[in-house]
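# Descriptive structure summary
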Amino acid sequence: MSVDKDLGPPQRLNDRLRTGHGPVLDLGCGPDPAAAMLSLLGERVPEAPRIQGEAMHLPFRTESIGGAVVTAVYVHLDRPALPMALAELHRVMEVDAPGELVLFGGDQDLTEMTGGDFAGRRFALWPDDHLRDVVVGAGFEIVRWTHEKTDQWPALSFGIRRLRSLPDFVGPGMRLLVCGLNPSLHSADLGVGFGRAGNRFWPAALAAGLVTVDRDPRHALAEHGIGMTDLVKRATPRAAELSVEEYRDGLARLERLCAWLRPEAVCMVGLSGWRAATDKKSGAGWQARRLGESPVYVMPSTSGLNAHAQLPALIEHLRDARVTSDPVDGVDFGAGGQHEAAVEEQ
């Protein structure tokens, strides 16, 4: 079939689809009301399955979608909600599946328009660097990034590739942001951080009272305000494969994330990454350095390979990190630069 004009994101996605790909998702095929747009879609493209759902809870199996086009849909989400919407997109897409997205440039939280063609509708606008951070944090590689003119705002049109990684599970009002070093390949495939059976994080988190459901980061965030991210997004068999540069770049992204969402505290799981990115002499416990305005607690790795840290000690570390007030004010850090916890990693 010949095409006389550039169809934009759909055509770019079609050019990038892989041989043998799964179904292609057009997320948000038109403006509200959704039911009316789905009816119109049935008239125009009768062979296309029509499904009404929510961007935050996509009604598709994990890794079942071979490509996705999302044009000016996420612009109607409040900005702090975008990480979890992208986490859901990451869940349903196949590894290496392409995507084409369009959001609007600017710097505005979700705001109702008072005049013009969009009166009564609400839009969020994004600075480039901020949006890039959120997309990378969601476990995607950005393969193309362009600005396109529209009648109202500049459109940020970009192509993504779904990585074998984990998305951030973050949002507003976090009591504690848990940060691992990087996803293992097993955890990336499972879709849950610290997911390997021998990892003690989830047993320790349950015993410490941080969470009430095992290996469910979405429930942890929604019900307990426990967010999860990784210092480095690249998944590897072992964290020893990561470079100092990756840790430092990851810390810079984490600091920007904390400055934006302002978790009450950050718990870094694994001393090696924190030491590589900040100070090789750092010890376990509360650190002198903050990320944004958030105090930072560093604890030993919960990996089963870390024989020096036993489950009771890991539980105590997570209890110490579970704070509702500033633990750093008034602490004498001394020459070491940090307040040492009762149990240190050897």
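On a predicted model such as this, the values are computed, not experimentally measured, just so you know. (Residues numbered from 1 in each chain as written. Predicted model: local features only at pLDDT ≥ 70, side-chain atom pairs only at ≥ 80, totals over all residues. Heavy atoms only, no water.)

## Some remarks on the pairing of strand S2 (residues 67-71)
Spelled out, the test is: Under the scheme applied here, a residue whose accessible area is under 20% of the maximum for its type counts as buried, over 50% as exposed, and between as partly exposed, the area being computed with a 1.4 Å probe on protein chains only. Under the scheme used here, helices are H or I runs from DSSP no shorter than 4 residues and strands are E runs no shorter than 2 residues, and both carry numbers assigned from the N terminus. Criterion used throughout: strands pair if DSSP finds at least two bridges between them.
Along S2, four of the five residues are buried, which leaves the element largely enclosed by surrounding structure. Bridge analysis of strand S1 (residues 24-26) against S2 gives three bridges, and the strand direction is parallel. Note on S2: the bridge partner recorded for Val24 is Gly67. Where S2 meets strand S3 (residues 98-104), four bridges bridge the pair, whose relative direction is parallel.

## Describing the sheet that holds strand S7 (residues 155-162)
Rules: Each axis is a line fitted through C-alpha atoms, and for a helix only the stretch in contact is used; angles between axes span 0 to 180 degrees, taken between their N-to-C directions. Here, two residues are considered to be in contact whenever any of their heavy atoms come within 4.5 Å of each other.
One open sheet accounts for five strands, arranged S1-S2-S3-S7-S6; its pairing is mixed. Here the strands that pair on one side only, and so sit at the sheet edges, are S1 and strand S6 (140-148). Pairs of neighbouring strands in the sheet enclose a mean axial angle of 15°, with direction left out of account. Sheet strands in contact with helix H1 (residues 9-16) are S1, S2, S3, S6 and S7, and its direction is about 160° off that of S3.

## Thoughts on the confidence of the model for the chain
Let me state the cut-off plainly: Every residue is assigned a pLDDT by the predictor, reflecting its confidence on a scale from 0 to 100.
Taken as a whole, the chain shows an average pLDDT of 88; of its residues, 86% reach a score of 70 or greater. Within the model, the stretch residues 1-5 combines pLDDT values under 50 with two contacts to residues more than four positions away or in other chains.

## Overview of H1
To be explicit about the condition: Directions from the helix axis toward the C-beta atoms define the arc.
Pro9, Arg12 and Leu13 are the residues of H1 that are buried. In a view along the axis of H1, the buried residues occupy a sector of 100°, so they form one face of it. Across from the buried face of H1, at angles greater than 90 degrees, the exposed residues are Asn14 and Asp15.

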